[in-house]
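Observations on the model geometry
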Amino acid sequence: MTNTPTLFRPMTLRGLTLRNRIVISPMCQYTAHEGHLEDWHIVHLGRFATGGAGVVFTEATAVQKSGRITHGCAGLWDDSQIPGHARIAQFVRRNGAVPAVQLGHAGRKSGMQRPWFGNGPLNDDDFARGDMPWTPVGPSAIPVAEGWPVPHELSVSEIADLIEDYAAAARRALAAGYQIAEVHGAHGYLIHSFLSPLSNKRDDAYGGDLAGRMRLALEVTEAVRAVWPDDLPLFFRTSAVDGDPEGWTLDDTVVLARELKARGVDVMDCSSSGIAGAATAG
Ligand SMILES: Cc1cc2nc3c(=O)[nH]c(=O)nc-3n(C[C@H](O)[C@H](O)[C@H](O)COP(=O)(O)O)c2cc1C
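The sections below set out a description of the structure shown in this document.

Here helix H1 (residues 39-50) crosses helix H2 (residues 82-94) at 20°, and the two axes come no closer than 9 Å. Judged on the interaxial angle alone, H2 and H1 are roughly parallel. For the element pair H1 and H2, the recorded crossing hand is right-handed. Together, Asp 39, His 41, Ile 42, Leu 45, Gly 46, Ala 49 and Thr 50 of H1 and Arg 87, Ile 88, Phe 91 and Val 92 of H2 make up the contact between the two elements. The residue makeup of the contact of H1 with H2, split by class, is six nonpolar, three polar and two charged.

Laid out in structure tokens, this is it:
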């Protein structure tokens, strides 16, 4: 045991022991139908469990239908989506790995092209394929970049609905058998767009100073933690830096991490950037 590299040693988070520290990152597959996971996903994720990983993350999973990145993205906004997730969670668990889910909302980057059709805003070719647009939402009516749709600025009551939808999706994730939940706060999607001063120009309680811009991230986390059992871990994925001197910084991430820890987050899953343009896959 003493000669075993740390990567291959078990690790305990709350009441859960991972067989090793290899975590398969969430990876969108863009092949779901109306948010339902199917055979593709069980093959994609199942092989990581049979291959020996400690944790296997299902891709970014939308808490609202209009929060999908693309028409092919996964969802848990409806009970009918639970069985598809349950099949995966059960297979992953039976093969010794911990099933994990990433709960997200794509915000102003929702309703974009699947990567193999361009990874940009939907265009006439996508409409002809049946991938019709919807109006994305964000903290402010500022598009991701030139040529992208202008998002609808979320009202405070719409934010309250959104937070409830995160909690409802977390309940469904638990019912499906996932043992780790992660709040997707990275890559320019909704929560990140509230954090970053580049995209959040609000002057109400959800904008302005750091505390205001963090409010949505913290309230979503509190809502998910409230339904996620005490003996199961909660992760938060962050874009730790925007890569723009006017944007979100590493110092901001340190403040956020402390606030999240106080609200029961066990792991900060650090990624970066994505606030301006389709730089990331998911
Ligand atoms: C096809 C693909 C899909 C991805 N989908 C997601 C996703 O759903 N959620 C997410 O947070 N990151 C997503 N990412 C980013 C990865 O999780 C990961 O962070 C990235 O590939 C860098 O790998 P590393 O973190 O091991 O350096 C995706 C990456 C790829 C290549």
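Picking up where we left off.
What follows concerns unusual backbone geometry. Its identity is not glycine, yet Arg 14 carries a phi of approximately 50°, on the positive side. Checked against the element boundaries, Arg 14 lands in the loop between strand E1 (11-13) and strand E2 (16-18). With relative accessibility at 35%, the residue Arg 14 sits in the partly exposed group. Phi at His 187 is positive, roughly 60°, even though this residue is not glycine. Looking at the element boundaries, His 187 is found in the loop between strand E9 (180-185) and helix H5 (190-195). By relative accessible area, His 187 is classed as buried at 6%.

To continue, consider the pairing of strand E4 (residues 55-62). Burial of E4 is extensive: eight of the eight residues sit out of reach of the surface. Judged from the two bridges that link them, strand E3 (residues 23-24) and E4 form a sheet pairing that is parallel. Bridging from a neighbouring strand, Val 23 pairs with Val 55 of E4. Following the backbone out of E3, through H1 and into the adjacent parallel E4, one traces a crossover that is right-handed. Pairing between E4 and strand E6 (residues 98-104): seven bridges, direction parallel. For Thr 61, the partnering residue across the bridge sits in E6 and is Leu 103.

What follows concerns the side chain of Thr 221. On the secondary structure map, Thr 221 appears in helix H6 (residues 210-227). When sequence neighbours within four positions are dropped, the list of residues in contact with Thr 221 reads Val 183, Leu 234, Phe 236, Leu 260, Arg 263 and Val 265.

What follows deals with the packing of H2 against helix H4 (residues 156-176). Interaxial distance between H2 and H4 falls to 8 Å at its minimum, and their mutual angle equals 45°. When the axes of H2 and H4 are compared, the pair comes out oblique. Where H2 crosses over H4, the two elements pack in a sense that is right-handed. Between H2, through Ile 82, His 85, Ala 86 and Ala 89, and H4, the contact on the second element is made entirely by Arg 172, Ala 175 and Ala 176. A class-by-class count of the residues in the contact of H2 with H4 yields five nonpolar, one polar and one charged.

Right, let's talk about the nonpolar core for a bit. Ranked by internal contacts, the top residues of the largest apolar core, which has 63 residues, are Val 56, Ile 191, Leu 216 and Leu 256. Non-local contacts of Leu 256, meaning those with residues more than four positions away in its chain, are made with Leu 195, Met 214, Ala 217, Leu 218, Phe 236, Trp 248 and Met 268. Counting residues in each nonpolar core, the second largest holds 10 residues, with Tyr 30, Ala 60, Val 144 and Tyr 189 among its members.

Rules used in this analysis
Residues numbered from 1 in each chain as written. Predicted model: local features only at pLDDT ≥ 70, side-chain atom pairs only at ≥ 80, totals over all residues. Heavy atoms only, no water. Axes fitted to C-alpha atoms, helices over the stretch in contact; angles between N-to-C directions. Helix = DSSP H or I, 4+ residues; strand = E, 2+ residues; numbered from the N terminus. Parallel < 35°, antiparallel > 145°, perpendicular 65-115°, else oblique. Left-handed = near helix turned anticlockwise from the far one by under 90°. Contact = heavy atoms within 4.5 Å. Nonpolar A, V, L, I, M, F, W, Y, C, P; charged D, E, K, R; others polar. Buried < 20%, exposed > 50% of the residue type's maximum accessible area, 1.4 Å probe, protein only. Pairing = 2+ DSSP bridges. Right-handed = clockwise from strand over helix to strand, strands pointing away. Core = buried A, V, L, I, M, F, W, Y, C linked by side-chain atoms within 4.5 Å.

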